[in-house]
Amino acid sequence: MSSRVASLLPLVVWTLVVWVSRLRNVWTDADLSASGQAWRTVVAAVFLGFALALAVRLWQRRGRELTAGDRALVGLFVAWTIGFWLVRGIGIIVDDHDAAFTAVHAALMLASIGLASNAGRALRTSPAPVSSPPVAAR
């Protein structure tokens, strides 16, 4: 596996751990309404969908450079992660939560943005996908 492809794995693993844990918290929180559980589940499902799709693509690529489709998936995953945490993480920080809750979510935000930024850098530094050679005319 190339080092550029391997540099995407921490974001995949981190996302799976964080958002599977989040789903467990959502579905065991007796104080959440059904609609509260539903929208939180949708957010987690988007993160998990990106992580699982990228994991499958990386497994399929094993040692080969990323395709244009892979690069698009990584770009969307990175944008979603950074955008979500900038909005939600900053909202948590400025809202009226206890210090421990705020600290945990600030750490989750910083780690997620850092890993997504690293994945974005790997995407920018990886060579452009190689197109198939043209088929010779007969």
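See the structure printed just above.
Residues numbered from 1 in each chain as written. Predicted model: local features only at pLDDT ≥ 70, side-chain atom pairs only at ≥ 80, totals over all residues. Heavy atoms only, no water.

## What to know about the environment of phenylalanine 47
- Among the structural elements, phenylalanine 47 can be located in helix α3 (residues 34-61).
- Note: C-alpha distance between phenylalanine 47 and phenylalanine 77 (30 residues apart in sequence) is 7.9 Å.
- Setting aside anything within four residues of it in sequence, one finds phenylalanine 47 in contact with Thr15, Trp19, Phe77, Trp80, Thr81, Phe84 and Trp85. (Helix = DSSP H or I, 4+ residues; strand = E, 2+ residues; numbered from the N terminus. Contact = heavy atoms within 4.5 Å.)

## Here's the deal with the layout of surface pockets
- Taken as a whole, the largest pocket encloses approximately 470 Å³ of empty space.
- Taken together, 20 residues form the lining of the largest pocket, with Trp19, Arg22, Asn25, Phe101 and His105 sitting closest to its centre.
- Listed by contribution, the elements that provide at least two residues to the lining of the largest pocket are α2 (9-28), α3, α4 (68-94) and α5 (99-125).
- Among the elements that take part in the lining of the largest pocket, α2 stands out by supplying 6 residues, more than any other. (1 Å grid on protein atoms, 1.4 Å probe; cavity = no way out; pocket = protein on both sides within 12 Å on 5 of 7 lines; lining within 4 Å. Points joined across faces, edges and corners; volume = space filled by probe spheres on them.)

## Some words on α2
- Over its 20 residues, α2 extends 29 Å from the first C-alpha to the last, a length consistent with the 28 Å expected when each residue adds 1.5 Å.
- All of the buried residues in α2 are Leu11, Val12, Thr15, Val18, Trp19 and Val26. Looking down the long axis of α2, one finds its buried residues gathered within 145° of arc, a one-sided arrangement. Residues of α2 that are exposed and point over 90 degrees away from its buried face: Val13, Val17, Arg24 and Thr28. (Expected span 1.5 Å × (residues − 1). Buried < 20%, exposed > 50% of the residue type's maximum accessible area, 1.4 Å probe, protein only. Arc of directions from axis to C-beta.)

## Notes on the environment of alanine 116
- Relative to the helices and strands, alanine 116 is located in helix α5.
- Spatially, the C-alpha atoms of alanine 116 and phenylalanine 77 are 7.9 Å apart, while their sequence positions differ by 39 residues.
- Every residue in contact with alanine 116, bar those within four places of it in the chain, is listed here: Leu11, Val78, Thr81 and Ile82.

## Some remarks on the packing of α2 against α4
- Two numbers describe how α2 lies on α4: the axes approach to 12 Å, and their chain directions differ by 45°. Between α2 and α4, the angle falls in the class oblique. Crossing of α2 over α4 shows left-handed handedness. Residues Leu11, Val12, Thr15 and Trp19 of α2 form the contact with α4, whose own contacting residues are Phe77, Val78, Phe84 and Trp85.
- In terms of residue class, the contact of α2 with α4 is built from 7 nonpolar, 1 polar and no charged. (Axes fitted to C-alpha atoms, helices over the stretch in contact; angles between N-to-C directions. Parallel < 35°, antiparallel > 145°, perpendicular 65-115°, else oblique. Left-handed = near helix turned anticlockwise from the far one by under 90°. Nonpolar A, V, L, I, M, F, W, Y, C, P; charged D, E, K, R; others polar.)

## Digging into the packing of aromatic side chains
- Scanning the model with the defined rule gives 8 aromatic pairs in all.
- Ring centres of phenylalanine 47 and phenylalanine 84 lie 5.1 Å apart, and the angle between their planes is 85°; this geometry places the pair in the edge-to-face category. Within this pair, whereas phenylalanine 47 is found in helix α3, its partner phenylalanine 84 is found in helix α4, the two being separated by 37 residues in sequence.
- Among the residues examined, phenylalanine 47 registers a relative accessible area of 1% and is labelled buried.
- Overall, phenylalanine 84 belongs to the buried group, its relative accessible area being 16%.
- Centroid distance phenylalanine 50 to phenylalanine 77: 5.5 Å. Interplanar angle 10°. Geometry classified as stacked. Remark: phenylalanine 77 occurs in helix α4 and phenylalanine 50 occurs in helix α3; sequence separation between them is 27 residues. Comparing phenylalanine 50 with phenylalanine 77, the two get one shared label, buried.
- These aromatic residues form a ring-pair network of at least three members: Trp19, Phe47, Trp80, Phe84 and Trp85.
- In this structure, arginine 62 is placed above the aromatic ring of tryptophan 59, and the distance from its NZ or CZ to the ring centre is 4.5 Å. (Phe/Tyr/Trp six-rings, centres within 6.5 Å; stacked < 30°, edge-to-face > 60°. Lys NZ or Arg CZ within 6 Å of the ring centre and 35° of its normal.)

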